[in-house]
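Report on the structure
What follows is the residue order along each chain.
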Amino acid sequence: MVPYSRKFEMKLLKFGGTSIETPERIETVIRIITESANQTGRLAVVFSAFGGVTDTLIQLSRTVADGDDTYKAALKQLENRHLAVVKDIIEIKRQSKVLANVKLMINELEDVLHGVFLIKELTPKTLDFIQSFGERLSAYIINECLATRGMTTEFLDARKLIVTDKTFGAAKVDYASTNINIRSYFDTHPAIQIITGFIGATKNNETTTLGRGGSDYSATIIGAALDASEIEIWTDVDGLMTADPQKVHKAFPIESMTYEEAMEMAHFGARVIHPPAMQPASEKNIPIRIKNTFNPEFKGTFISNEAFSPFMVKGISSIDEIALLRVQGSGMIGVAGISNRLFGALAKKYINVILISQASSEHTICFAVEPEKAESARETINDEFSLEILAKQMDEVVIEKELSIIAVVGERMRQTPGIAGKLYQALGRSNVNVRAIAQGSSELNISTVISKKDATKALNAIYETFFLADTKPANLFVVGTGLIGGTLLNQIQKQNKILLAELGLDINVIALGNIDFMLFDENSIDLKTRARQLEKAAEAMNLTAFVNRMIAMELPNSIFVDCTASDELPNVYEKILCSGISIVTPNKKANSGSFELYRRLKRGAARNGVKFLYETNVGAGLPVIHTLQDLIYSGDRILKIEAVLSGTLNYIFTALSAAVPFSQAVRQAREKGFSEPDPRDDLNGLDFARKMLILARESGLSMELEDIFIEALLPESCLKTESVELFIEQLTTVDAEFEQRRQRAEKQGNVLRFAASLEREAIRLSMQEVDRRHPFYTLAGSDNMIVFTTERYRTNPLVIKGPGAGAEVTAGGVFADITRIFNH
């Protein structure tokens, strides 16, 4: 036989099941074939079965093997589906022959299934034959459709060309015989060949299948034999992606990659093309292009010997679920042949090993297999090493399940320092524990075994490290969309582009919750229309469901933002922190609750490598807590803290004059919105006391709220009135007393302030007279002031002054805490 030589340009196209799942999709495929035929010297097209048909055939086979006669209804549905396609895509006057041949094939299939039903036995050989009907039907129907539309085509059953061994289910190709068959056939058949994928035959004409991804394999076998100029694999995505787009929403198609890179990506979960399919093409250096049937204009992914990438990593692939088996024992150390016995025993049982990792001490070998193979693998190893286990030289095999593998792949990783460091730093920052690591000397792939529950979070963290190095995504989950929360969202909407441009910080609001509804959007909620979206969400707010869903999303750089004054929300803070999610909040209930809760939250954040920030708990947007922490962490010692931390009370006492009695000052504060709707919530001093308690705890004191002395400004009878209106009226009864104290202070050149002091581990809130030398003297309106007297600031205390309330400054403080997490 004269070796085949390329006399003309040859291109191979392959269409997967999703590309031809419906008549409408088949019409799209026909347009692509027609266009390719007009542009290419010669063309061959390989087809999979219609989408879902192979699975149906396998299920039918199992049903009949179980002796279940319900298979007849499913077979009828399969027949009707194929007949309906014929009626949809072929004009009526040319349908009769095609319909008759389809029925003949279905009758043949029915006979085989009936035989299996009678003997109740399904061999791999019979299953391969049954599966072959999927490709035989689809390729035949599409060929007939093309012929009726004026194209010169021929139906080609690949069993005539592809010769295999008898390994039914995953047959090995006899390339010598196959290549001769293909070249000889194409030398004498110039028409466009419409070829069945997935199937071959033994030398005795027994039908075989080529295993997972078999239709891709068929295309590359034929393309390599013919020295094709290019092989196009048409599927339902835009090419091989940098990561699984269902888990990493910012993943994008890879423009070009090498065969080795594509095989590594495919081995570890990228399902667009399968590793065996690339071997024939790579040996002949025939490029493979992955194209999208539903976006044919997109150039797709080009796979060849050489490929450029601006990134150090070409892609991140993953296997969702594996089992890790651990073989260990002192009797393994320094003993030759252990690995050979171990993996030889597994090979004899056809157990495929996905990943291997061995400690340098030789004490332990761990390897990954498919979960359903784990028990069989353990039994195999226990049998092989039964004597060693009996002698306690080896331990019983340990199986760990619910695990995933993440593989980082790229040619540029070779001899590039720091790749592994970046990878594991990203996982560490995201609180992801590593179970096993494997890297070959080629440095093309670093594979890591982690818990399945961490897979999505890990993928995103690694992706951001290698593909979004110039940006730092922040994923916010905001509860509370009222005054503070709403203002925060407005600020984020206004500032986001500036933060992205100047700091590389990309803030995405993933979820919102208010008292009625909650809304989730993994791609980020449009803040311009958030109110309408939240109302239309039709998902009732449920705090437990909100938190569980947030945790389950496993997004890296997640931040829970509590913009409420809720007593309930702090109860879930610990769970959130322990899930690796940071918290930012103006809600002071957690930090002013029990000291034990305060301590647990601080420790929980530290242990899980996340942040718990609450600058706005004291002084709204004023830099109070951060300043206090800096003083303490840098070694200064706090001697005294004096503070006016109630804007309401400060407004009231600075408004007092001969013309403005106490009751009127309270009315003015309420009318101007400086006080709560019920002023008693401010006048009882409890909110002020909570802020001082937080400062005390930040100073290192183990204090509770009941340890604080609060001077009662008003008699109990006044505070316990039935309504706010009645309370306001009764305030006139204390005007005289407050006027006397004001006059007494005025005669001394002093003013009245309701202030707090923290000194010698005691906190006291009281009405005080302050002279002109004291910083509180100049306070006006609703401003707050905090005075730190420390070892370093003993003579001239450190003073912080400014608005201690207000939606804009409080939301701004929360916003600053969010950005601080990423600038830390």
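Residues numbered from 1 in each chain as written. Predicted model: local features only at pLDDT ≥ 70, side-chain atom pairs only at ≥ 80, totals over all residues. Heavy atoms only, no water.

**Focus: the sheet that holds strand β15 (residues 434–439)**
Hydrogen bonds between backbone atoms are what pair the strands of a sheet, whose relative direction is either parallel or antiparallel. As a reminder of what qualifies: The rule for pairing is simple: two strands pair if DSSP sees at least two bridges between them. A run of DSSP states H or I qualifies as a helix once it reaches four residues; a run of E qualifies as a strand once it reaches two. Both are numbered from the N-terminal end. Under this scheme, a helix contributes an axis fitted over its contacting stretch, all axes are lines through C-alpha atoms, and angles between N-to-C directions fall in the 0 to 180 degree range. In what follows, residue pairs with any heavy atoms lying within 4.5 Å of each other are defined as contacts.
Strand order in the open sheet formed by six strands is β12-β13-β11-β14-β16-β15, with antiparallel pairing between adjacent strands. Among the strands making up the open sheet, the edge pair consists of β12 (355–358) and β15. The mean angle between the axes of side-by-side strands here comes to 30 degrees, regardless of whether they run parallel or antiparallel. With nine bridges joining them, strand β11 (residues 315–328) and strand β14 (residues 398–409) adopt antiparallel strand pairing. In the strand pairing of β14, Leu324 is matched with Glu400. The sheet strands contacting helix α8 (residues 259–267) are β11, β14 and β16 (445–451), and the helix crosses β11 at an angle near 60 degrees. Here helix α11 (residues 374–384) sits on the sheet in contact with β11, β13 (364–369) and β14, set at roughly 35 degrees to β11.

**Re the packing of helix α2 (residues 53–65) against helix α5 (residues 124–148)**
Quick note on the threshold: For this classification, under 35 degrees means roughly parallel, over 145 means roughly antiparallel, 65 to 115 means roughly perpendicular, and everything else is oblique. Handedness of a helix crossing follows the sense of rotation of the near helix relative to the far helix, less than a right angle counterclockwise being left-handed and clockwise being right-handed. Three classes are used: nonpolar for Ala, Val, Leu, Ile, Met, Phe, Trp, Tyr, Cys and Pro, charged for Asp, Glu, Lys and Arg, and polar for all others, with Gly counted as polar.
One way to put it is that α2 packs onto α5 with a least axis distance of 9 Å and a crossing angle of 150 degrees. With respect to their mutual orientation, α2 and α5 come out roughly antiparallel. Crossing geometry of α2 relative to α5 is assigned as right-handed. Of the residues in α5, those touching α2 at Val53, Thr54, Leu57, Ile58 and Ser61 are Leu127, Ile130, Gln131, Phe133, Gly134 and Glu135. Here the residues of the contact of α2 with α5 are counted per class, giving six nonpolar, four polar and one charged.

**A closer look at the nonpolar core**
Rule in force here: Residues belong to a common nonpolar core when they are buried Ala, Val, Leu, Ile, Met, Phe, Trp, Tyr or Cys residues joined through side-chain atoms within 4.5 Å. Relative accessible area decides the class of each residue, using a 1.4 Å probe on protein chains only: under 20% of the type maximum gives buried, over 50% gives exposed, and in between gives partly exposed.
With 81 residues, the main nonpolar core has Phe477, Phe560, Phe653, Phe662, Met692 and Leu714 as its most contacted residues. If you tally residues by element for this core, the top one is helix α24 (residues 686–698), at seven residues. With residues near it in sequence (within four places) discarded, Phe477 still touches Ile510, Ala511, Phe520, Phe546, Met550, Met553, Leu555, Ser558, Ile559, Phe560 and Val561. Within the second largest apolar cluster, 55 residues are counted, among which are Tyr217, Ala224, Met278 and Ile286.

**Details of the packing of helix α3 (residues 71–89) against α5**
As a packed pair, α3 and α5 sit with axes 10 Å apart at the nearest point and diverge in direction by 15 degrees. In terms of orientation, α3 lies roughly parallel with respect to α5. At the point where α3 passes α5, the crossing takes the right-handed sense. Here His82, Val85, Val86 and Ile89 of α3 come into contact with α5, specifically with Leu137, Ile141 and Cys145. Its residues assigned to classes, the contact of α3 with α5 shows six nonpolar, one polar and no charged.

**Description of the pairing of strand β18 (residues 505–513)**
Inclusion rule: For the handedness criterion, the strands are oriented away from the viewer, and a crossover whose path from the first strand over the helix to the second runs clockwise is classed as right-handed.
Burial within β18 is extensive, with nine of its nine residues counted as buried. Strand direction decides the pairing type here: strand β17 (residues 472–479) and β18, joined by eight bridges, are parallel. Note that in β18 the partner of Val478 across the bridge is Leu512. With helix α15 (residues 483–503) bridging β17 and the parallel β18, this β-α-β connection has right-handed handedness.

**Some remarks on helix α27 (residues 735–747)**
Side chains of residues three or four places apart in an α-helix project in the same direction, reflecting 3.6 residues per turn. The cut-off we apply is this: Any helix carries an expected span of 1.5 Å times its number of residues minus one. The arc in question is formed by the directions pointing from the helix axis toward the C-beta atoms.
Under the 1.5 Å per step criterion, the end-to-end length of α27 is 18 Å for 13 residues, consistent within 8% with the ideal 18 Å. Residues of α27 that are buried include every one of Asp735, Phe738, Glu739, Arg742 and Ala745, and no others. Seen along its axis, α27 keeps its buried residues to an arc of 125 degrees; they face one direction. Within α27, the exposed residues directed more than 90 degrees away from the buried face are Ala736, Gln740 and Lys747. For α27, the secondary structure elements touched by its buried residues are α21 (647–655), α22 (662–671), β25 (751–759) and β26 (762–770). Where α27 terminates, the next one or two residues include Gly749, which has phi positive at roughly 75 degrees.

Functional significance is not addressed by these values, which are geometric in nature.
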